[in-house]
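Coordinate analysis (summary)
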Amino acid sequence: MATDTQEGYETVTVDREGYVGRITLDRPEAMNTFSTDLATELDAALHDLDDADDVRAVVVDGAGDAFSAGIDLSEYDPDASEDAHETWVARMEEPFHTIHGMATPVVAAAHGHAAANGIGLVAACDLAVAAEGTMLGATAPKAGLFCMGPAVPLLECLPKKRATELLLTGELIDAETAAEWGLLNRVAPGGEHVEAAMELAETMAAKSPEALRRGKQAVSEFAGMPYGDALDRSNEAFAGLCATDDAREGIAAFLDGEPLAADEWPQG
């Protein structure tokens, strides 16, 4: 049963289903482009759900015909200073920072088009699903720009040649190609992308909340470290997890042959 938790948002909607939070980009008339308001509210909603003790995974999807077609270029001011442009675009990319730093895993559920900042959001999420027929691309060069911000998560999750092809050509690829390249975890039948993303989120949410929180942070940390240093750090992280109530109760239940269900994990 979904529970509406929207609190004054105008460009996103927020609700929860069990232990899964859901954020829907809600500017369908503008293909869910990132206005300053949408970027600000998406960032706030991500923080709110990450801070909620009863949310263990988050799904981000889009209302209407598209996931997101990028930044709302109607906000562009050709006479603004470089400092003003930097302040403007930094607000657009803040959700990418937030997702990277969140303890809660985030799943993108894309459909229609995921372009420019839209593909950046798909890449920034920990997991990603798209409906058949979805087209994804770093399309900013078509408008005299470059997907500088989206380049960062794209280079994080794709081989350099694949990411560079998207970034330099500005062309769209279909969902099947995006999955083959490693940008997507699943391609769902048309209209079933949110359901598929929710299934991934619910699968994670049924597991140890503490293990997921610490594990997500560890994966991000290990990715930027030399191999040997990462292994050493992994031992520290594993030892810390072993001292938690989740590990004590989870291991005991596992050894008894009845692993803990979602509602049985220790409450933080």
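Provided above is the structure to which this section pertains.
What counts and what doesn't
Residues numbered from 1 in each chain as written. Predicted model: local features only at pLDDT ≥ 70, side-chain atom pairs only at ≥ 80, totals over all residues. Heavy atoms only, no water. Pairing = 2+ DSSP bridges. Helix = DSSP H or I, 4+ residues; strand = E, 2+ residues; numbered from the N terminus. Axes fitted to C-alpha atoms, helices over the stretch in contact; angles between N-to-C directions. Contact = heavy atoms within 4.5 Å. Patch = residues over 30% accessible without salt bridge, like charges linked within 9 Å, V, L, I, M, F, W, Y side chains within 5 Å. Areas by Shrake-Rupley, 256 points an atom, 1.4 Å probe, with all protein chains shown as cover. Salt bridge = Lys/Arg side-chain N within 4 Å of Asp/Glu carboxyl O. Lys, Arg positive; Asp, Glu negative; His and termini not counted. Charge placed at Lys NZ, Arg CZ, Asp CG, Glu CD. Disulfide = S-S within 2.5 Å. Buried < 20%, exposed > 50% of the residue type's maximum accessible area, 1.4 Å probe, protein only. 1 Å grid on protein atoms, 1.4 Å probe; cavity = no way out; pocket = protein on both sides within 12 Å on 5 of 7 lines; lining within 4 Å. Points joined across faces, edges and corners; volume = space filled by probe spheres on them.

1. Quick look at the sheet that holds strand E9 (residues 172–174)
Spatial ordering of the open sheet is given by E6-E8-E9, a layout of three strands whose pairing is mixed. A strand with exactly one partner marks an edge of an open sheet, and here the two such strands are strand E6 (113–115) and E9. Going from strand to strand, the sheet's axes swing by 20 degrees on average, the running direction of each strand aside. As defined by bridge partners, strand E8 (residues 135–137) adjoins E9 across three bridges and the pair is classed as antiparallel. Counted as the bridge partner of Met-135 is Asp-174 from E9. The sheet strands contacting helix H3 (residues 117–124) are E6 and E8, and the helix crosses E6 at an angle near 90 degrees.

2. Things to note about a negative patch on the surface
On the surface, Glu-17, Glu-132, Asp-174, Glu-176, Glu-192, Glu-195, Glu-199 and Glu-202 cluster together into a patch of negative charge. By residue number, the principal contributor to the negative patch is helix H7 (residues 193–205), which donates three residues. Mapped onto the fold, Glu-17 is located in strand E2 (residues 12–17).

3. Looking at the state of the cysteines
Where two cysteines share a covalent bond between their sulfur atoms, that bond is called a disulfide. Applying the stated criterion across every chain yields a total of zero disulfides. The structure places no disulfide on Cys-147, whose sulfur is separated from the nearest cysteine sulfur, that of Cys-157, by 13 Å. The thiol sulfur of Cys-157 is not disulfide-bonded, and the nearest other cysteine sulfur, from Cys-125, lies at 10 Å.

4. Notes on unusual backbone geometry
With phi around 55 degrees, Asn-32 is a residue other than glycine that occupies positive phi space. Tracing the backbone shows Asn-32 in the loop between strand E3 (20–25) and helix H1 (36–51). Given the relative accessible area of 0%, Asn-32 is considered buried. If you check the backbone angles, Ala-116 has positive phi at about 55 degrees while not being a glycine. Secondary-structure assignment places Ala-116 in the loop between E6 and H3. Overall, Ala-116 belongs to the buried group, its relative accessible area being 11%.

5. What about the environment of Glu-132?
For Glu-132, the position within the fold is in the loop between strand E7 (127–131) and E8. Through-space distance from the C-alpha of Glu-132 to that of His-193 is 8.4 Å; in sequence the pair is 61 residues apart. Setting aside its immediate chain neighbours within four residues, Glu-132 contacts Glu-176, Val-187, Ala-188, Pro-189 and Gly-190.

6. Side note on the layout of surface pockets
Size it by volume and the largest pocket reaches roughly 750 Å³. Counting residues per element, the ones that place at least two in the lining of the largest pocket are helix H2 (82–101), H3, E7, helix H4 (148–157) and helix H8 (209–223). For the lining of the largest pocket, the leading source of residues is H8, giving six residues.

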